[in-house]
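Here's the letter readout for the chains.
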Amino acid sequence: MHFENKTIVITGASSGIGYSLAKSLPKENCSLALIARRQYLLKNLINESKKEGTIRTYQCDVGKVSETKLTFEQIKKDFGSIDIVILNSGVSLRTDIRKYSSSDAKEIFDINTLGIVNCVEQILPDFLEHKSGIIVGVTSLAESRGFPGSGFYNASKAAASLLLESLRIELKPYNIKVITVKPGFVKTPMTDKNEFHMPFMMNVDKAAKIILEGIKNEKKVIQFPFPIVLGSKILKFMPDWLFDYLMSKKLPSRKDKISAV
Ligand SMILES: NC(=O)c1ccc[n+]([C@@H]2O[C@H](COP(=O)([O-])OP(=O)(O)OC[C@H]3O[C@@H](n4cnc5c(N)ncnc54)[C@H](OP(=O)(O)O)[C@@H]3O)[C@@H](O)[C@H]2O)c1
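Conventions used here
Residues numbered from 1 in each chain as written. Predicted model: local features only at pLDDT ≥ 70, side-chain atom pairs only at ≥ 80, totals over all residues. Heavy atoms only, no water. Near = heavy atom within 4 Å. Polar contact = N/O pair within 3.5 Å; in protein donor to acceptor, adjacent residues only side chain to side chain. Areas by Shrake-Rupley, 256 points an atom, 1.4 Å probe, with all protein chains shown as cover. 1 Å grid on protein atoms, 1.4 Å probe; cavity = no way out; pocket = protein on both sides within 12 Å on 5 of 7 lines; lining within 4 Å. Sits in = over half its atoms within 2 Å of the grid points. Helix = DSSP H or I, 4+ residues; strand = E, 2+ residues; numbered from the N terminus. Nonpolar A, V, L, I, M, F, W, Y, C, P; charged D, E, K, R; others polar. Buried < 20%, exposed > 50% of the residue type's maximum accessible area, 1.4 Å probe, protein only. Contact = heavy atoms within 4.5 Å. Pairing = 2+ DSSP bridges. Salt bridge = Lys/Arg side-chain N within 4 Å of Asp/Glu carboxyl O. Points joined across faces, edges and corners; volume = space filled by probe spheres on them. Expected span 1.5 Å × (residues − 1). Bend = angle between axes of the 7 residues up to and from the residue. Core = buried A, V, L, I, M, F, W, Y, C linked by side-chain atoms within 4.5 Å. Phe/Tyr/Trp six-rings, centres within 6.5 Å; stacked < 30°, edge-to-face > 60°. Lys NZ or Arg CZ within 6 Å of the ring centre and 35° of its normal.

Asks: Give me the lowdown on the site of the ligand, citing residues and values where you can.
Replies: If you check the shell around the ligand, you find 31 residues, and the closest are Ser-15, Asp-61, Tyr-153, Val-186 and Thr-188. Contact distances for the ligand include 2.7 Å between an oxygen atom and a backbone N or O atom of Arg-37. The separation between an oxygen atom of the ligand and a polar main-chain atom of Gly-90 is 3.3 Å. Protein burial of the ligand: of its 870 Å² of free accessible surface, 97% is covered by the chains. At a threshold of 2 Å from the grid points, most atoms of the ligand map onto the largest pocket. For the shell around the ligand, the secondary-structure elements that each account for two or more residues are helix 1 (16-24), helix 5 (151-171) and helix 6 (189-192). Of the residues contributing to the shell around the ligand, the split by class is 15 nonpolar, 12 polar and 4 charged.

Here is the structure:
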């Protein structure tokens, strides 16, 4: 697969991984529709790339169904059709159990999980009709277990991964490819907030390169870096008693230093 002459939508392109993807793609001679809430940051990408005609920006909260619908309608008007969507928008939030709040959960699920659902709803009829298209969803290796302090985030990413997995199988007969991206720690504004040690932290441009190579090679799951992939597999199959023991040992000293990749 190549990106040349394709129309690619990227959500969450104003910062971090999405920004780096959007910065690299103009070299591939494709058209880009960039979505985020902070449009002034998206505009920088147009200025940097100097490819005004083929890059357009759209202010949209993907957690809102009506905004997402209008945005995708506009993208289709502007570009004619969409070939690839990279659904990367996401938020992380460390949660203090003493301030447990359904509104925190709602915000995280609205963006990390339903944001993907909302975008897929807009492109799926066209993809089904044309029997083509690629859906890329960015989840996280943090989906492997329920880590203390980031339960909402872990659960939102696990739900998104399972949704993408089922879509991958259901959409195969329609020649629609579904790719799940599961990063470990990547240096972005999201992880800049974390105060704890983040092992094997990856440079954002390197992460974007791995993601784009993975999409080109039509991998089912793009996960990196290897040591964190291995660690997350070990954690996933670890007996509950051992996982609970290891996590509870962290509790007294962790306070705000809770993992959320
Ligand atoms: N960095 C890591 O270590 C890491 C690890 C695993 C997974 N991930 C995942 O990778 C993705 C990108 O994260 P990042 O590290 O690049 O974080 P980031 O720098 O904070 O970027 C997040 C992007 O999501 C957008 N976004 C947030 N809420 C949105 C909404 N309601 N509607 C539309 N766009 C929204 C933000 O744009 P606006 O605020 O302008 O809307 C921003 O462009 C996320 O899904 C994250 O969970 C990151």
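Now that the structure has been shown, the text picks up again.
Asks: Explain the side chain of Arg-145 residue by residue, including any values.
Replies: Inspection of the secondary structure assignment puts Arg-145 in the loop between strand 5 (134-138) and helix 5. A relative accessible area of 13% means that Arg-145 is categorised as buried. A polar side-chain atom of Arg-145 sits 2.7 Å from the main-chain carbonyl oxygen of Leu-235. A polar contact of 2.9 Å, which involves the side chain of Arg-145, links it to the side chain of Asp-240. The contact partners of Arg-145, leaving out residues within four places of it in the chain, are Asn-154, Leu-235, Lys-236, Met-238, Asp-240 and Phe-243.

Asks: Could you give me a rundown of the pairing of strand 7 (residues 221-224), with the residues and numbers involved?
Replies: Along strand 7, the buried face is formed by Ile-222 and Phe-224; none of Val-221 and Gln-223, which line the opposite face, is buried. Direction of pairing for strand 6 (residues 177-183) relative to strand 7: parallel, over a ladder of 4 bridges. Each residue of the ladder has a partner; that of Thr-180, found in strand 7, is Val-221.

Asks: Outline the environment of Ala-142, listing residues and values.
Replies: Mapped onto the fold, Ala-142 is located in the loop between strand 5 and helix 5. Spatially, the C-alpha atoms of Ala-142 and Ala-160 are 12 Å apart, while their sequence positions differ by 18 residues.

Asks: Can you lay out the pattern of salt bridges for me, pointing to particular residues and giving the numbers?
Replies: Pairing between side chains of opposite charge can happen when the charged atoms of each approach one another. Going through the model one piece at a time under the given rule, you end up with 12 salt bridges. Between Lys-64 and Asp-61 there is a salt bridge, and its shortest N-O distance comes to 3.4 Å. Asp-61 sits in the buried class, given a relative accessible area of 15%.

Asks: Please give an account of empty space enclosed by the protein that cites residues and values.
Replies: One pass over the structure, following the stated rule, counts 1 cavity of 30 Å³ or more. In this structure, the largest cavity encloses a volume near 40 Å³. Thr-11, Val-62, Leu-87, Asn-88, Ser-89, Ile-111, Gly-115 and Ile-116 are the residues that line the largest cavity. Of the residues contributing to the lining of the largest cavity, the split by class is 4 nonpolar, 4 polar and no charged.

Asks: Explain helix 4 (residues 102-130) to me, and be specific about the residues and the numbers.
Replies: Here helix 4 spans 40 Å end to end across 29 residues, near enough to the 42 Å set by a 1.5 Å rise per residue. Its maximal kink placed at Leu-114, helix 4 deviates by approximately 50°. With its phi angle positive at about 50°, Lys-131 sits one or two positions after the end of helix 4.

Asks: Before we move on, can you summarise unusual backbone geometry with the specific residues and values?
Replies: A cis amide bond, omega -10°, links Phe-224 with the succeeding residue Pro-225. Looking at where Pro-225 falls in the secondary structure, it is placed in the loop between strand 7 and helix 8 (226-237). Even without glycine at this site, Glu-218 takes up a positive phi of about 50°. Along the chain, Glu-218 falls in the loop between helix 7 (204-216) and strand 7.

Asks: Describe the nonpolar core, with residues and values.
Replies: Ile-8, Ile-10, Leu-34 and Ile-215 are the most contacted members of the largest nonpolar core, which has 34 residues in total. With 6 residues, helix 7 is the single largest residue contributor to this core. Ignoring any residue separated from it by four or fewer positions in sequence, one finds Ile-8 in contact with Phe-3, Leu-25, Cys-30, Ser-31, Leu-32, Ala-33, Ile-84 and Ile-86. Phe-72, Ile-75, Ile-116 and Ile-123 belong to the second largest nonpolar core, which has 25 residues in total.

Asks: Go over the packing of aromatic side chains, please, and point to the residues and values.
Replies: In the structure shown here, the tally under the stated rule is 3 aromatic pairs. Ring centres 5.3 Å apart and planes at 55° place the aromatic pair Tyr-100 and Phe-152 in the tilted group. On the criterion of sequence distance, the pair formed by Tyr-100 in the loop between strand 4 (84-87) and helix 4 and Phe-152 in helix 5 is long-range, its members being 52 residues apart. Taking the relative accessible area as the measure of exposure, Tyr-100 reaches 62% and is therefore exposed. Owing to a relative accessible area of 12%, Phe-152 belongs among the buried residues under this scheme. The lysine or arginine in question, Arg-145, covers the ring of Phe-243, its NZ or CZ lying 4.1 Å from the ring centre.

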